[in-house]
Structure formats: C-alpha cells, structure tokens
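# Coordinate inspection notes
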Amino acid sequence: KTAGEPVTTEPGAGSIEEVEEIDLEAEPGAEGDDQTTSVLDADDDVQTFSIDELVQMSAVGVTAEYLQEMRALFGELEVEKLVQLKALGVTREYAASLRGAGFRDLDADAVANARALGLDGRYVKDLRAEGLRELEWEDLIGLRGLGVTPEWIRSMRAAGLRDLSVPEIRALRGLGVDVEYIRDMHECGLDELSVDDLLKLRAAGVTREFLERLEGH
C-alpha cells in the first residue's frame, strides 16, 4: 500500500486467527518495502495523537501495520501500551505461540508481562513435558519469574525429588535449593530428606560448613 491509502480495521479485539490471515510475504521494515508505513499513514487522524505520543511511537518503530495487528489482537490500546508492546518485541507470532499453548484470552498486559519474562509457547510445552500438565497462567508467570527451567526440574528429579508440585517447585527455587545443596546435605549425613526438610534447613541457613563445624566438635 502507499502513503495516504486508507487502512481498514475492525473495531474491537479480533481473534489471533484473523491476524494470521494477513500476508506474511513481506518483511516489515525491509528497505524499499511499500508495506512499511508510519503511524502517520494509518487511517487515524494525526490530531488524535499528542506530540509526545508521536515521538514515543516513532522512537520504537511503531508502524501502521503494527498498529493494525495489535488492535486485531487486543482491541483499542492506549499509546503507552502500544509503545510498551513494541519495545518488548511483542508480535502477532509471539501472541500466537501463547495461544497455541492453550492461553487464548490473554490481554495486552498479560502478554507484555510474559514477553518481559521471556515466557513463550515453547517454555509452556517444555514444562508440560516435564510433568507439569495442569499449569495455570499465574503458575507460569511465577515459575518463569523465579527462573525455573526444564533443566532445573530434571536436576531435582535426578536428586530424588520426583513429582514436585508447582508450590513445591516455587518454594524450593525461591529459597535457592538446588542439586548442590541437596548433595551437600547428603554428604554430611542427612539422607532421605523430604521437600519440607530441605525447605526448613535452607530457610534456617543450615549449610555444609555449619554441619562440618558441628562434626568437628
């Protein structure tokens, strides 16, 4: 399309399926790409934006196409939210990955938060592959925020902690219980430790050095 050509959008939020129908052949932002237009070429009246808003949108590279895509996903957006989404790298493909993982009704705030944490559809699928099949959105945000990875879950399983629940994982990770800490406890004679045991020991600051000093006396 060329500058000045009207862009048709449907008011309100559309489905991600609708967004996926947009032609993907052209890469937005490519040099010489007629599909890349500025926000000023959208069918929105420039007068609806303040100078500060125009500056913010230009600074992060908001285009008319991006404006369309985000509106199709989330409905009407405040400029501040639109700028945040663009700055975080939220795309229709990213939103579709979350939808594909089963989270179909996320709003712009939820998607922005997930993107900021590095939570995507692959992360969800990987955790489910480790046995965490009934994950709520709040669980995922909490786990990702604590840095829980599939590798960490596997390491806990290898250390003898199998079938951990989401609250147990969050508690262990939050206190910094890892394979090394469990090994230290075992090597100091504390075997067959339950999750509760490990949490109590770690919360009280019991370390390998502390136990070794006790043995020395």
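No experiment lies behind these values; they were computed from the predicted model shown.

Right, let's get into the overall build of the protein. Secondary structure summary: the protein contains 13 helices and zero strands in total. Secondary structure elements in the protein, listed N-terminal to C-terminal, are α-α-α-α-α-α-α-α-α-α-α-α-α. Per-residue burial for the protein yields a buried fraction of 37% across its 217 residues. A separation of at least 24 residues holds for 57% of the contacts in the protein among residues at least 6 apart in sequence. Total accessible area on the protein stands at roughly 12700 Å², and carbon and sulfur atoms take up 47% of it.

A few words on the packing of aromatic side chains. Inspection of the entire model under this criterion finds one aromatic pair. For the cation-ring pair, R144 lies above Y123, with the distance from its terminal atom to the ring centre recorded as 4.7 Å. Above the plane of the ring of Y181 lies R202, whose end atom (NZ or CZ) is 4.7 Å from the centre.

Helix-helix packing is characterised by the crossing angle of the two axes and by the distance between the axes. It is at 10 Å that the axes of helix 8 (residues 137–145) and helix 10 (residues 166–175) come closest, and there the two elements cross at 20 degrees. Regarding the angle of helix 8 to helix 10, the classification is roughly parallel. For helix 8 against helix 10, the interelement crossing comes out left-handed. Contacts from E138, D139, G142 and L143 of helix 8 reach helix 10 at V166, I169 and R170. When its residues are assigned to classes, the contact of helix 8 with helix 10 shows three nonpolar, one polar and three charged.

With 78% of its residues at a pLDDT of 70 or more, the protein shows a mean pLDDT of 84. Mean pLDDT across the elements of the protein ranges from a minimum in helix 1 (residues 16–19), with 43, to a maximum in helix 6 (residues 108–117), with 98.

The full count for this structure, using the stated rule, is eleven salt bridges. In this structure, R154 engages E130 in a salt bridge whose closest nitrogen and oxygen atoms are separated by 2.6 Å. With R154 in helix 9 (residues 150–158) and E130 in the loop between helix 7 (121–129) and helix 8, this residue pair connects regions lying 24 residues apart in the sequence. The class for R154 is partly exposed, based on a relative accessible area of 37%. Residues E187 and R208 are paired through a salt bridge, measuring 2.6 Å at the closest nitrogen-oxygen approach. With E187 in helix 11 (residues 179–187) and R208 in helix 13 (residues 208–216), this residue pair connects regions lying 21 residues apart in the sequence. Here the residues in one salt-bridge network are E130, E151, R154 and R157, joined through shared partners.

Cut-offs applied
Residues numbered from 1 in each chain as written. Predicted model: local features only at pLDDT ≥ 70, side-chain atom pairs only at ≥ 80, totals over all residues. Heavy atoms only, no water. Helix = DSSP H or I, 4+ residues; strand = E, 2+ residues; numbered from the N terminus. Buried < 20%, exposed > 50% of the residue type's maximum accessible area, 1.4 Å probe, protein only. Contact = heavy atoms within 4.5 Å. Areas by Shrake-Rupley, 256 points an atom, 1.4 Å probe, with all protein chains shown as cover. Phe/Tyr/Trp six-rings, centres within 6.5 Å; stacked < 30°, edge-to-face > 60°. Lys NZ or Arg CZ within 6 Å of the ring centre and 35° of its normal. Axes fitted to C-alpha atoms, helices over the stretch in contact; angles between N-to-C directions. Parallel < 35°, antiparallel > 145°, perpendicular 65-115°, else oblique. Left-handed = near helix turned anticlockwise from the far one by under 90°. Nonpolar A, V, L, I, M, F, W, Y, C, P; charged D, E, K, R; others polar. pLDDT = per-residue confidence, 0-100. Salt bridge = Lys/Arg side-chain N within 4 Å of Asp/Glu carboxyl O.

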